[in-house]
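If you want the building blocks of each chain, they are given just below.
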Amino acid sequence: MFNHTEFKKERLFGIDFDVLTMRQAVDWVYRTVALGWRSETRYVVTPNVNLTMRHQKSDDFRRYVHGAALTVVDGAPLVTASRWLGMPLPERVAGSDLVLSLFDAAIEECPLRVFFLGAAPGVADRAATSVVAKWPAVQVVGTCSPPLGFEHYADQNRELVQQINAAEPHVLIIGLGAPKQEAWAFQHRQQLQVPVSLCVGGTIDFLAGEQTRAPQWLQRMGAEWLWRIATNPRR
Ligand code: UDP
């Protein structure tokens, strides 16, 4: 297991968060990619308030978070609480922002190879088209939007892992929603020959333009969820 990073940890509502900035998280991903794959994928989880509550109630979810190589804080209220409680986390490191920052940091001499897993049919492909147009140093080496319920079928999971491994991504972007994405990363970490996997919710939707991000002021208030409900009432 590669769940030990060089970062200090702070335990907040039972979760051991890595104490780091967005810049440090990006550096960690690139350093881990440079080390190459070592026996299992090192996956990143990004708990927000909702997931923190789930962590308190679910033994399974606790195991998924415990298995992560990096745990970053995706929620302004959690950052504020960390300050009040005297164990300050430096800043919010939201999954979607982490992906954008990774892409911004990619260099053309050594393109970043990514695979998109998740979102509704066709959305991951649209995300791929828009990402390669915007970030020439990012290569989308594969996409898969598996049908609902795929996680219950061993053969489908096996094929999916094979498809991902054959594409040789540096980073697997998993957008299956929580807690499915954390469960999937945990359960397949030893088969996934990918240096880093990121459990990042609706990021593929954002990249495809299916869902817009909340304005900064709403994000700072920790009310991005309100924006998502208002702009996508089906949720
Ligand atoms: N999703 C998926 N497969 C599933 C369930 C969800 O690909 O079985 C996708 C869904 O289409 C959306 C993302 O997972 O793109 C969930 O995004 P959300 O923002 O709801 O994630 P959360 O906030 O729950 O982490």
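In the block above lies the structure referred to throughout.
First, a word on what this report is: a plain description of the structure on this page. (Residues numbered from 1 in each chain as written. Predicted model: local features only at pLDDT ≥ 70, side-chain atom pairs only at ≥ 80, totals over all residues. Heavy atoms only, no water.)

It is worth spelling out helix α4 (residues 76-84) at this point. Taken residue by residue, α4 has Ala76, Leu78, Val79, Ala81 and Ser82 as its buried positions. Where the residues of α4 are buried, they touch β1 (9-12), β2 (15-18), α2 (49-57) and α10 (216-220). Looking one or two places after α4, you find Gly86, whose phi comes out positive at around 75 degrees. (Buried < 20%, exposed > 50% of the residue type's maximum accessible area, 1.4 Å probe, protein only. Helix = DSSP H or I, 4+ residues; strand = E, 2+ residues; numbered from the N terminus. Contact = heavy atoms within 4.5 Å.)

Now for the sheet that holds strand β3 (residues 42-45). Ordered in space as β4-β3-β8-β7-β5-β6, the six strands form an open sheet in which the pairing is parallel. Where the open sheet ends on each side, the last strands, each with one partner, are β4 (70-71) and β6 (138-144). Along the sheet, helix α6 (residues 123-134) makes contact with β5 (112-118) and β6, crossing β6 at roughly 175 degrees. Relative to the sheet, helix α7 (residues 154-167) contacts β5, β6 and β7 (171-175), its axis offset from that of β5 by approximately 165 degrees. (Pairing = 2+ DSSP bridges. Axes fitted to C-alpha atoms, helices over the stretch in contact; angles between N-to-C directions.)

Let us now look at the environment of Arg54. Mapped onto the secondary structure, Arg54 falls in helix α2. Taking the relative accessible area as the measure of exposure, Arg54 reaches 35% and is therefore partly exposed. Spatially, the C-alpha atom of Arg54 lies 8.7 Å from that of Pro179, the residues being 125 residues apart in sequence.

Another aspect to go through is helix α3 (residues 59-66). Here α3 has its buried residues at Phe61, Tyr64 and Val65. Down the axis of α3, the buried set is contained in an arc of 95 degrees. They therefore lie on one face. Turned more than 90 degrees off the buried face of α3, the exposed positions are Asp59 and His66. Of the residues flanking the start of α3, the one acting as N-cap is Ser58, its side-chain oxygen 3.3 Å from the backbone nitrogen of Asp60. (Arc of directions from axis to C-beta. Polar contact = N/O pair within 3.5 Å; in protein donor to acceptor, adjacent residues only side chain to side chain.)

Further remarks concern the side chain of Thr143. If you trace the backbone, Thr143 turns up in strand β6. Within the structure, Thr143 has its side chain in polar contact with the side chain of Asp125 (distance 2.5 Å). When residues no more than four places from it in sequence are discounted, the contact partners of Thr143 are Phe115, Phe116, Ala124, Asp125, Ala128 and Gln163.

Bringing the pattern of salt bridges into the picture now. One pass over the full model with this rule turns up ten salt bridges. For Asp59, the salt bridge is made with Arg62, and the minimal N-O distance between the two is 2.2 Å. Linking Asp59 with Arg62, this pair stays in helix α3, spanning three residues, or about one helical turn. (Salt bridge = Lys/Arg side-chain N within 4 Å of Asp/Glu carboxyl O.)

Before going further, it helps to spend a moment on the packing of α3 against helix α8 (residues 180-188). It is at 9 Å that the axes of α3 and α8 come closest, and there the two elements cross at 60 degrees. Comparing the axis directions of α3 and α8 gives the class oblique. As for the relative orientation of α3 and α8, their crossing is left-handed in sense. On α8, the residues touching Phe61, Arg63 and Tyr64 of α3 are Glu182, Ala183, Phe186 and Gln187. Counted by class, the contact of α3 with α8 contains four nonpolar, one polar and two charged residues. (Parallel < 35°, antiparallel > 145°, perpendicular 65-115°, else oblique. Left-handed = near helix turned anticlockwise from the far one by under 90°. Nonpolar A, V, L, I, M, F, W, Y, C, P; charged D, E, K, R; others polar.)

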